[in-house]
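The residues making up each chain are set out below.
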Amino acid sequence: MDQAGRPEAGALRQTGGADAPALPQRPRILVVEDTDDIRYLLVALLQDSYEVMAAAAGEAGLQMARSAKRPDLILLDVMMPDMDGYEVLAELGRDPRTADIPVIFLTALGSVDEERRGLDLGATDYVAKPISPPILLARLKLHLERSANARRLKDLSEQLSRYLAPQVYQSLFDGSRQAEIRTQRKKLTVFFSDIKNFTESTAQWQPEEVTLLLNSYFAEMSQIAAEYGATLDKFIGDAIVIFFGDPHTLGVRQDAVQCVRMAMAMQKRMGELQVHWREMGINKAFEIRIGINSGFCDVGNFGSKLRMEYTIIGREVNLAARLEQAAEPGEILISSETFALVQGEIRADARDPVLAKGFAHPIPVYVVHPGHAASAGDPEVIFCDAPGLHLDIHPARLTVTQKAQVAAELRKALARLEATGVADQAAGRSDAAEGAWPAFISGLDLALGLHRAMGMKPLYLSMLGRFLEGRRDTPERIREALDAGDLKAAELLVHSLRGVAGQIGATQVPDHAQALELAIHAGRPRAVLDGLLGSLEACLGELMAALEAGLPGAAS
């Protein structure tokens, strides 16, 4: 600090903040594939070059595609139980959040009608099973480049979006809102905050120093607002105006809960910023005060044809501003209307009514308790603390949408952990087995299978081991499905076996599986199906025996 109490020149520039260069992100690929072995293979092949998310069913894949971690491209299996690839693709196309994500179908189906159906629904391309990794990687690169070019054009328009709330820009971009003077009356939750005595505290600073501090503060608060789905209205000096409920809403009650949770997160982050600023030599105790109110407001575009602004007006907006002015530094004041919406979710205590300018009667208010971390023994908290793992989930604090996003993230983490763990095990035994690599296994084209595993022997050994352990009972499961009259389940089981067998380079099993799959699909008599299933079972048994005899470590 200099003698006038100002920060040293350049001190704020050390923070980096929003202007720090971002590290390049790897493209994010979502794999939706119900067959464990194929999904495992795809994750193992792609994870070194891409950030990979994996889902075992169509509904889970849709949730991941709609999550905060939006994929850049989706690899989508066609034949899946419950919701097949065509249904998933149709749902993706109906949702503005996912409609422009390139989708490549993974399929063993080869008819022109099937391909045309997928392309009509919006599929970008097809990759046939068994998957050839070089072809798959080439298609991924091609379509990711095309998608990147489309994004560059979109980025030009998004330069202007920084002058609008993200939700407003998106609604203009997707056509759900027009740039015209129009308002509507809606029940919103309105947020006002400012930094107590900021102007007086920085009166002796240079304008550049004030600007840098404010921008670093605004960057942190804006990020929190975005995470909670808020509509950021405007910055007024050191004040921030935010509202919930338009253009998107989670419902009046949940909008209010999200707003108060956002305010609590901002107060917590302000405490962290104070520590950071003190370390930089800025000893001013900057604190924010917050006021929140819920009620009916006029929201929309105000102004003229030459210049308009998307904002809110009304008595309830004024009340939120008055509550902010009445709050103590570090405090969150909410109105009785907001309290009625959030009670049960947020802890708050009644305070003496506030006399506010422009309001004839005292205003009942409540002070929000700061958040408290639940203990590890709290039965409502999902907690785990172990070497390399820290898990702390508070379900009661999450919305339904947030719970789905957390579940999707956990499934993705589990899939990646399992893939890396199995690969590590395979790598651990491959050193000892390298010299004993089998020259021949009956019913298996080792060279083809290894090629489809990108020449990685540990990965290929792992695939063979998974096949040996997981496919023994497939014929019996097919037979049970046929006995139960569930032809769809039987067809899916055969289809899955066919795909995995082809992927590992099996020479006979895929043909037998295809014959049975086509017969089931065509509704052939049970006697015909039993004969084809018997042939498949015998062929698969021979392959299993050959794998047990020839696969390193299998006998043990």
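The structure we're discussing is the one just above.
Each chain carries its own residue numbering, running from 1 in the direction its sequence is written. The predicted origin of the model limits local features to residues at a pLDDT of at least 70 and limits the giving and counting of side-chain atom pairs to 80 or more, whereas totals for whole chains, interfaces and linings rest on all residues. Based on all heavy atoms of the structure, the side-chain values leave hydrogens and waters out of the count.

A. Highlighting the overall build of the protein. Scanning the protein from N- to C-terminus turns up 18 helices and 15 strands. Looking at the 556 residues of the protein, the share that counts as buried comes to 46%. Roughly 27,900 Å² of accessible area belongs to the protein as shown, and the carbon and sulfur atoms make up 53% of that amount. For helices the rule is a DSSP run of H or I covering at least 4 residues; for strands it is a run of E covering at least 2, with both sets numbered from the N terminus onward. Here's how the labels work: a residue is buried when its accessible area is under 20% of the maximum for its type, exposed when over 50%, partly exposed in between, all with a 1.4 Å probe on protein chains only. Per-residue accessibility takes into account occlusion by the displayed protein chains alone, with areas from the Shrake-Rupley method and a 1.4 Å probe.

B. The pairing of strand E4 (residues 103-107), seen in detail. Across the five residues of E4, five count as buried, placing the element largely inside the fold. The alternating pattern of E4 places Val-103, Phe-105 and Thr-107 on one face and Ile-104 and Leu-106 on the opposite face, and all of these are buried. Alignment of strand E3 (residues 73-77) against E4, held across four bridges, turns out to be parallel. Bridge pairing links Leu-75 to Ile-104 in E4. Handedness rule for crossovers: strands pointing away from the viewer, path from the first strand over the helix to the second running clockwise, crossover right-handed. Of the crossover connections in this fold, the one passing from E3 over helix H3 (residues 85-94) to the parallel E4 is right-handed. Any two strands between which DSSP finds at least two bridges are classified as paired. Summarising the sheet, E4 and strand E5 (residues 125-128) pair through four bridges and their orientation is parallel. The partner of Phe-105 across the bridge, within E5, is Tyr-126.

C. Quick peek at the packing of aromatic side chains. Centre distance within 6.5 Å is the pairing criterion for rings of Phe, Tyr and Trp, where only the six-membered ring of Trp is used; planes under 30 degrees apart are then read as stacked, over 60 as edge-to-face, and the remainder as tilted. Scanning the model with the defined rule gives nine aromatic pairs in all. Each ring, one from Phe-105 and one from Tyr-126, has its centre 5.4 Å from the other, and the planes form 50 degrees; the classification is tilted. Highlighted residues: Phe-105 in strand E4 and Tyr-126 in strand E5, separated in sequence by 21 residues. One exposure class covers both Phe-105 and Tyr-126, and it is buried. Clustering of aromatic rings is evident, with ring pairs tying together Phe-198, Trp-205, Trp-277 and Phe-286. Positioned above the aromatic ring of Tyr-40, the side-chain terminus of Arg-466 is 4.4 Å from the ring centre. Note on criteria: charge over ring means Lys NZ or Arg CZ within 6 Å of the ring centre, with the direction from the centre no more than 35 degrees off the ring normal.

D. Quick look at unusual backbone geometry. Put simply, Lys-129 and Pro-130 share a cis peptide bond, and its omega is -5 degrees. Turning to its location among the elements, Pro-130 is positioned in the loop between E5 and helix H5 (133-158). Cis rather than trans, the peptide bond between Asp-246 and Pro-247 has omega equal to 0 degrees. Relative to the helices and strands, Pro-247 is located in the loop between strand E8 (239-244) and helix H9 (252-279). Residues other than glycine seldom take positive phi values, yet Asp-82 does so here, at roughly 70 degrees. Structurally, the position occupied by Asp-82 is in the loop between E3 and H3. Judged by relative accessible area, which is 73%, Asp-82 ranks as exposed. In this structure, Asn-197 is a non-glycine residue whose phi angle is positive, near 60 degrees. Relative to the elements of secondary structure, Asn-197 occurs in the loop between strand E6 (183-195) and helix H7 (198-201).

E. Summary view of the nonpolar core. Counting 61 residues, the largest nonpolar core has Ile-29, Leu-75, Leu-140, Leu-444, Phe-467, Ile-478 and Val-509 as the members making the most contacts within it. For this core, the leading source of residues is helix H18 (residues 526-550), giving nine residues. The criterion used for residue contact is that any of the two residues' heavy atoms lie within 4.5 Å. When neighbours within four sequence positions are excluded, Ile-478 is seen to be in contact with Ala-490, Leu-493, Val-494, Leu-516, Leu-533 and Leu-536. Residues belong to a common nonpolar core when they are buried Ala, Val, Leu, Ile, Met, Phe, Trp, Tyr or Cys residues joined through side-chain atoms within 4.5 Å.

F. Main features of the pattern of salt bridges. Salt bridges are counted wherever a side-chain nitrogen of Lys or Arg sits within 4 Å of a carboxyl oxygen of Asp or Glu. Scanning all chains against the criterion turns up 34 salt bridges. Arg-39 serves as the salt-bridge partner of Asp-36, at 2.6 Å between the closest nitrogen and oxygen. Here Arg-39 and Asp-36 lie together in helix H1 (residues 36-46), a separation of three residues that amounts to about one turn. With a relative accessible area of 42%, Asp-36 lands in the partly exposed category. Between Glu-309 and Lys-234 there is a salt bridge, and its shortest N-O distance comes to 4.0 Å. Of this pair, Glu-309 sits in strand E10 (residues 308-313) while Lys-234 is found in strand E7 (residues 231-236), placing the two residues 75 residues apart along the sequence. Residue class for Glu-309 comes out partly exposed when judged on its relative accessible area of 35%.

G. Local environment of the packing of helix H14 (residues 457-470) against H18. Between H14 and H18, the least distance of the axes is 10 Å, while the angle of their chain directions is 130 degrees. By the angle between their directions, the pair H14 and H18 is classed as oblique. Helix-helix and strand crossings are classified by hand; for H14 and H18 the assignment is left-handed. In contact with Leu-464, Phe-467 and Leu-468 of H14, H18 contributes Leu-540, Leu-543, Met-544, Leu-547 and Glu-548. Each residue is assigned to one of three groups, with Ala, Val, Leu, Ile, Met, Phe, Trp, Tyr, Cys and Pro labelled nonpolar, Asp, Glu, Lys and Arg labelled charged, and all others, Gly among them, labelled polar. Considered class by class, the residues forming the contact of H14 with H18 number seven nonpolar, no polar and one charged. Axes here mean lines fitted to C-alpha atoms, for a helix over just the part in contact, with angles spanning 0 to 180 degrees between N-to-C directions. Any angle that is under 35 degrees is reported as roughly parallel, and any over 145 degrees as roughly antiparallel; angles of 65 to 115 degrees are reported as roughly perpendicular and all others as oblique. Note: crossing handedness is left-handed where the near helix turns anticlockwise from the far helix by less than a right angle, and right-handed where it turns clockwise.

Geometry only, nothing functional implied.
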